[in-house]
Amino acid sequence: MSSVYPCTPPRPRRSHLTPSKTPYVTPAKSASTRLRSASRSFSARRDHASPFYFTPSKASTVEDIGDRFIPSRRHMNMDLCRHALRSAKREREIDTSNSSSSPADPKLPSQETPMQKEFKRQMASSMYNIPIERFNENAEPVGLFSFRPAEKIASNGPDPFSLDVLRTMKLGGCSSIDRPPTTVASLRKVPTAPTRILDAPDIVDDYYLNLISWSKDNILAVALARSVYLWNATTGEIHHLVTVEDGNNYVTSVCWCTVQPQYISVGLNTGSVQLYDGRSLQLVRTLQGHTSRVSALAWTQQQLSSGGRDSKILQSDVRGARPIVATYRAHTQEVCGLSWNDDGSCLASGGNENYLCLWDAAATNRSTTRNEGNSSDYRPRLLLKQHKAAVKALAWCPFHRGLLASGGGTADRTIKFWNTNSGAILNSIDTGSQVCSIIWSKHQRELCSSHGYSENQLVLWKYPSMTKIKELTGHTARVLNMEMSPDGTSVVSAGADETLRFWNVFEEIGPSSSSRSKNLACLDRLGGRTIR
């Protein structure tokens, strides 16, 4: 059946070698010219019939700058952009659900209150480390595609996000959210020489004892054999507190009260703990309960924790007639390290059997943590056995809740960082020598550790990279203990070489350093070179 064309009859097919008779093709004069003309005519018809035919573009000129804008993403906060895109997607889903639901549907989201909107703004500003002014009232970023240079951080003030608990610590590296700002203070010079050296004759060379403590009133307590002396760092005065009379007895630990800093607890080799008033230099009361020497003491509010060679930890309320309120049993050898966290909710203890135990302050109210034999004995919430030597050095991180640093003895030589909520090891660093003490900085993300055999030095670390900032040498024997000043700028180390050395290892962020200058001035006014 043939096709019918009402307007124009179909053109008969012809070979491309046949000369063209159409008016728009110029007749060729030779065979080769006719062949080339036919080939061009066939190519033109084939190109017009193809779906991939493109109109030839105009010649580009110098003024042609392209048809797309590719912005520079050098200063672009990708986390904020991702947050904005996901928020817009959720809003579209809510709008879709609202349009398909009835007005009386109880699943519809209620309108946010101004307080809730402000909370969302504060949360977004804290999580993405962006000033709150760049978020509108609905917590949406303003000027998301305005590519401006990153604002310079002022070096004369602290980072407002440095103590933000919403930031997640990554020990392997820092993300764009939690990376500590690079300031001039990070390039500071740490003095390698001590600012003051005092003689501490007859200090007991025992790794398991804790013989110095620095109070909030700027008074340093030092135990020298059977005596305890108090050195006032503000006035330079030295007071004799106590000397035990028994020839076989000596002081094994000292610790100032954190709530009422005029009171100091003194642990003895006989197993008793004496409580003194540091201002009147009078004995307040004596606590009994241990059968051997008391090696470690720690305060939380009005309660005192004591650990001894009898492997027990006694929790005593010094205000009560019967002070002992709980007994913690998990260690099998001498308890040599005790430390409460800042809010007093968790106690960390270290022992000579290489155990690290975590105890809840509310354990006395939970019968599930009690031992079956005695209703006043309690078990730890976590028992960690990853250390290979005695655990004495314990320190809670002041800027990250639940982060604990612990140090092991000669056979271990490591500093381990723990998530105390789960008991997981976050990082472990081999220091190369015995770890005696660990102190966190109050002002920067740094910590200082003191060491014994074989280096006998202090090491300043940058956290979380754990790179060495400075090594402080000077002690000729192992460093037994280390304490930090109340202003958090300097530390004192007590060595087995019978010396006390004061170091300016931490620097306070900010233009004001009056408290540090005051401490240095009082060190210079101190006439003698001995603590007694």
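This section reports on the structure supplied with the text. (Residues numbered from 1 in each chain as written. Predicted model: local features only at pLDDT ≥ 70, side-chain atom pairs only at ≥ 80, totals over all residues. Heavy atoms only, no water.)

A few words now on the overall build of the protein chain. Regarding its fold elements, the protein chain presents 4 helices and 29 strands. Across the 532 residues of the protein chain, 45% fall into the buried class. The contacts in the protein chain between residues at least 6 apart in sequence include a share of 50% that link residues at least 24 apart. (Helix = DSSP H or I, 4+ residues; strand = E, 2+ residues; numbered from the N terminus. Buried < 20%, exposed > 50% of the residue type's maximum accessible area, 1.4 Å probe, protein only. Contact = heavy atoms within 4.5 Å.)

Here we take up the environment of T192. Positionally, T192 belongs in the loop between helix 3 (114-128) and strand 1 (196-199). A relative accessible area of 46% places T192 in the partly exposed class. Taking C-alpha positions, T192 is 8.2 Å from W503, a pair spaced 311 residues apart along the chain. Setting aside anything within four residues of it in sequence, one finds T192 in contact with K470, L472, T473 and W503.

Before going further, it helps to spend a moment on the packing of aromatic side chains. Taken as a whole, this structure holds 10 aromatic pairs when the rule is applied. Centre to centre, the rings of F399 and Y463 are 6.2 Å apart; their planes meet at 55°, and the pair counts as tilted. With F399 in the loop between strand 19 (391-396) and strand 20 (403-408) and Y463 in the loop between strand 25 (458-462) and strand 26 (467-472), the pair connects residues that are 64 residues apart, well separated along the chain. Among the residues examined, F399 registers a relative accessible area of 6% and is labelled buried. On the basis of relative accessible area, Y463 is assigned to the buried category, the value being 1%. Centroid distance F417 to W440: 6.0 Å. Interplanar angle 65°. Geometry classified as edge-to-face. (Phe/Tyr/Trp six-rings, centres within 6.5 Å; stacked < 30°, edge-to-face > 60°.)

Now for the side chain of Q262. Position of Q262 among the secondary structure elements: in the loop between strand 6 (251-256) and strand 7 (263-268). Overall, the relative accessible area of 15% leaves Q262 in the buried class. Not counting chain neighbours up to four residues away, the residues in contact with Q262 comprise D217, W256, Y276, D277, G278 and R279.

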